[in-house]
Amino acid sequence: MGFIFSTKKEKLVAIFDIGSGSIGGAMVSIPLDGKTIPKILKTVKNEIKIYEKYNFKKFIDEMSSALHLTASHLYNKKIGAPDEIYCFLSSPWYISETNTIRMAKEKPFIFTKNLANELIQKEISRLIEIYKEKYSTTNGTAEIMEQHTTSVSLNGYIVDEPLGTRCQTLEMNMVISLSPQICLNKIRETLSKTFHHIKVNFSSFTLATFFAIRDKYIDQDSYLLIDISGELTDIGIVTNGILKATLSFPFGKKNFFNYMCTKLEIELRDAKELFKLYTQNNLSTEFKEKAIPLFKSIERSWGESFDRCLNTLPHILVLPSTIFLTADNDIKDWFANVLRDEKYAETKISASNRRVVTLEGPEFLNMCEVGEGSCDPFLMVESISVMRKMTK
């Protein structure tokens, strides 16, 4: 009798970046030896149609339509059928909770996998009950999308390999993400129309960014992660290498351009062109007189929303002064300059050494290869995250 051993050295993975304004997709080759880096082979992107009057179920339907279009375009690239599918979600498709689980006993105990699982399951059950009370009338049943232990401290010290260690105090920092079951099932159903019988995995873009930044910028252990997407701004707070909190507020790229359209009574395409001319300093004097006060007004609106969001945090918490920003290329530099303005979040973020780093994509080329097209930082970060999951 002979034995058949798999000699496959890589996996083909379809990655979908599911935001509030668009869906990005990529076919990625993931090496299984852990010695080489992932390679993005093909990419596509489609916008999500947004209506003025918000309706969550209609929003899901429009997201599904854009996802189906993106999946179909990827399929038509004729790269082959993926072995697995990974979907990375941004707000409002999920919520994340960062929690610290603590336990202390008079007599020493051994930290085991069973103990860790028991504590984590209790925390998950608690969060699901909270979700039911808060969202049951609008978004239905919650499903756990991901869970990750960011650190374990025994007897007051962080331990990289805690299993089997005897201790009296235990502290586990967790990130748990939940999503409406109706949303995740819609994504599975939509993707199954193009890619049949292929496992779909879910994760959050915030956690993917956290891992990529941690691995890339090893000299940084405390920072903010800010992702400005179509409808919302997501914020992650990292302190001493631990993702301590996640926040969001409803002001993103689409709000920016919709505000321009309303105030100037112009079409979206004209608003985008006008803003492009403004950022390139090519506006006529007539339009400058109209545009500058308008952009100042938008800046104040976003900045005040940013302040209000951060003010929900405990007053004793002083935030890191380094900010890593992800946003689409057309608005990235503008928002970076807004974040550099010391009047925003001045009571929370140190003004003396505030630093904003925009994630462009090329800085990750030593961690993710791009076969064609531009370096999309969203898809590169997500490819790095998938590689990490598959080879750990």
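Just so you know, these numbers come straight off a predicted model, no measurement behind them.

1. Here we look at the overall build of the protein chain
Next up, step 1: Of the regular secondary structure elements, the protein chain holds 9 helices and 15 strands.
Next up, step 2: For 392 residues, the compact-globule estimate of 2.2 N^0.38 gives 21 Å, and the C-alpha radius of gyration of the protein chain, at 22 Å, lies within 12% of that figure.
Next up, step 3: Principal-axis analysis of the C-alpha atoms gives the protein chain an extent of 75 × 60 × 45 Å.
Next up, step 4: A total of 392 residues make up the protein chain; the buried ones form 51% of that total.
Next up, step 5: Looking at the protein chain alone, contacts between residues at least 24 apart form 71% of all its contacts between residues at least 6 apart.

2. Here we look at the nonpolar core
Next up, step 1: With 40 residues, the main nonpolar core has Ile235, Phe256, Met260, Trp302, Phe306 and Leu310 as its most contacted residues.
Next up, step 2: Mapped onto this core, the elements with two or more residues apiece are strand S10 (223-228), strand S11 (233-239), strand S12 (242-249), helix H5 (253-264), helix H6 (268-279), helix H7 (285-310), strand S13 (322-327) and helix H8 (329-340).
Next up, step 3: Element by element, the count of residues in this core is highest for H7, at 8 residues.
Next up, step 4: When neighbours within four sequence positions are excluded, methionine 260 is seen to be in contact with Glu265, Ile266, Ala271, Leu274, Phe275, Leu294, Phe295 and Ile298.

3. Digging into the sheet that holds strand S7 (residues 157-158)
Next up, step 1: Sheet architecture is open: 4 strands sit in the order S5-S8-S6-S7, paired in antiparallel fashion. Among the strands making up the open sheet, the edge pair consists of strand S5 (95-110) and S7.
Next up, step 2: In the sheet, S5 pairs with strand S8 (residues 166-180) via 12 bridges, with the strands oriented antiparallel. Within the sheet, the bridge partner assigned to isoleucine 101 lies in S8 and is methionine 172.

4. Considering the packing of helix H4 (residues 205-216) against helix H9 (residues 377-391)
Next up, step 1: In contact at an axis separation of 9 Å, H4 and H9 are set at 80 degrees when each is read in the N-to-C sense. Taken together, the axes of H4 and H9 are roughly perpendicular relative to one another. Facing Phe205, Ala208, Thr209, Phe211, Ala212, Arg214 and Asp215 of H4, the residues of H9 in contact are Phe378, Val381, Glu382, Ser385 and Arg388.
Next up, step 2: When grouped by side-chain class, the residues that make up the contact of H4 with H9 number 6 nonpolar, 2 polar and 4 charged.

5. So, the environment of leucine 74
Next up, step 1: Structurally, leucine 74 is set in helix H1 (residues 56-75).
Next up, step 2: Taking the C-alpha atoms as reference points, leucine 74 and methionine 27, 47 residues apart in sequence, are found 7.2 Å from one another.
Next up, step 3: Excluding anything up to four places from it in sequence, leucine 74 contacts Phe16, Gly25, Ala26, Met27, Lys42 and Val44.

6. Quick word on the pattern of salt bridges
Next up, step 1: Under the defined criterion, the tally for this structure stands at 16 salt bridges.
Next up, step 2: Among the ionic pairs, aspartate 61 bridges to lysine 186, the shortest N-O distance being 3.6 Å. With a gap of 125 residues between them, aspartate 61 in helix H1 and lysine 186 in helix H3 (residues 181-192) connect regions that are remote in the sequence.
Next up, step 3: When the shortest N-O distance is used, the salt bridge between glutamate 299 and lysine 296 registers 4.0 Å.

7. Describing the confidence of the model for the protein chain
Next up, step 1: Put simply, the protein chain has an average pLDDT of 89, and 94% of its residues get 70 or more.
Next up, step 2: For the protein chain, helix H2 (residues 113-135) is the element with the lowest average pLDDT, namely 88, and strand S4 (residues 84-89) is the one with the highest, namely 97.
Next up, step 3: Contacts from residues 1-6, a stretch scored under 50 in pLDDT, to residues over four places away or in other chains number 0 contacts.

8. Overview of the sheet that holds S13
Next up, step 1: In spatial order, the strands read S12-S11-S10-S13-S14; together these 5 strands make up an open sheet with mixed pairing. The two strands at the open ends of the sheet, each matched to only one other strand, are S12 and strand S14 (355-358). Averaged over all pairs of adjacent strands, the angle between strand axes in this sheet comes to 20 degrees, irrespective of strand direction.
Next up, step 2: H7 rests against S10, S11 and S12 of the sheet, and its axis sits at about 135 degrees to S12.

9. Some details on the state of the cysteines
Working definition: the covalent bond between the sulfur atoms of two cysteines is a disulfide.
Next up, step 1: Using the criterion set out here, one finds 0 disulfides in the structure.
Next up, step 2: The cysteine cysteine 87 is free of any disulfide, with cysteine 183 supplying the nearest cysteine sulfur at 9.6 Å.

10. Considerations on the pairing of strand S3 (residues 39-47)
Next up, step 1: For strand S2 (residues 22-31) and S3, the ladder comprises 8 bridges, and the chain directions are antiparallel. Paired with serine 22 across the two strands is glutamate 47, which belongs to S3.
Next up, step 2: The pairing of S3 with strand S15 (residues 369-370) spans 2 bridges and is parallel. For isoleucine 40, the partnering residue across the bridge sits in S15 and is valine 370.

11. Observations concerning unusual backbone geometry
Next up, step 1: Backbone torsion omega between serine 91 and proline 92 reads 10 degrees, so that peptide bond is classified as cis.
Next up, step 2: Take proline 92: it is sitting in the loop between S4 and S5.
Next up, step 3: The backbone of histidine 197 shows a phi angle near 55 degrees, a positive value even though the residue is not glycine.
Next up, step 4: With respect to the helices and strands, the residue histidine 197 is situated in the loop between H3 and strand S9 (200-204).
Next up, step 5: Using a relative accessible area of 85% as the deciding quantity, one classes histidine 197 as exposed.
Next up, step 6: Unusually for a residue other than glycine, asparagine 281 sits at a positive phi of about 60 degrees.
Next up, step 7: Topologically, asparagine 281 is positioned in the loop between H6 and H7.
Next up, step 8: For asparagine 281, a relative accessible area of 54% translates into the label exposed.

Rules and cut-offs
Residues numbered from 1 in each chain as written. Predicted model: local features only at pLDDT ≥ 70, side-chain atom pairs only at ≥ 80, totals over all residues. Heavy atoms only, no water. Helix = DSSP H or I, 4+ residues; strand = E, 2+ residues; numbered from the N terminus. Rg over C-alpha atoms; globule rule 2.2 N^0.38 Å. Buried < 20%, exposed > 50% of the residue type's maximum accessible area, 1.4 Å probe, protein only. Contact = heavy atoms within 4.5 Å. Core = buried A, V, L, I, M, F, W, Y, C linked by side-chain atoms within 4.5 Å. Pairing = 2+ DSSP bridges. Axes fitted to C-alpha atoms, helices over the stretch in contact; angles between N-to-C directions. Parallel < 35°, antiparallel > 145°, perpendicular 65-115°, else oblique. Nonpolar A, V, L, I, M, F, W, Y, C, P; charged D, E, K, R; others polar. Salt bridge = Lys/Arg side-chain N within 4 Å of Asp/Glu carboxyl O. pLDDT = per-residue confidence, 0-100. Disulfide = S-S within 2.5 Å.

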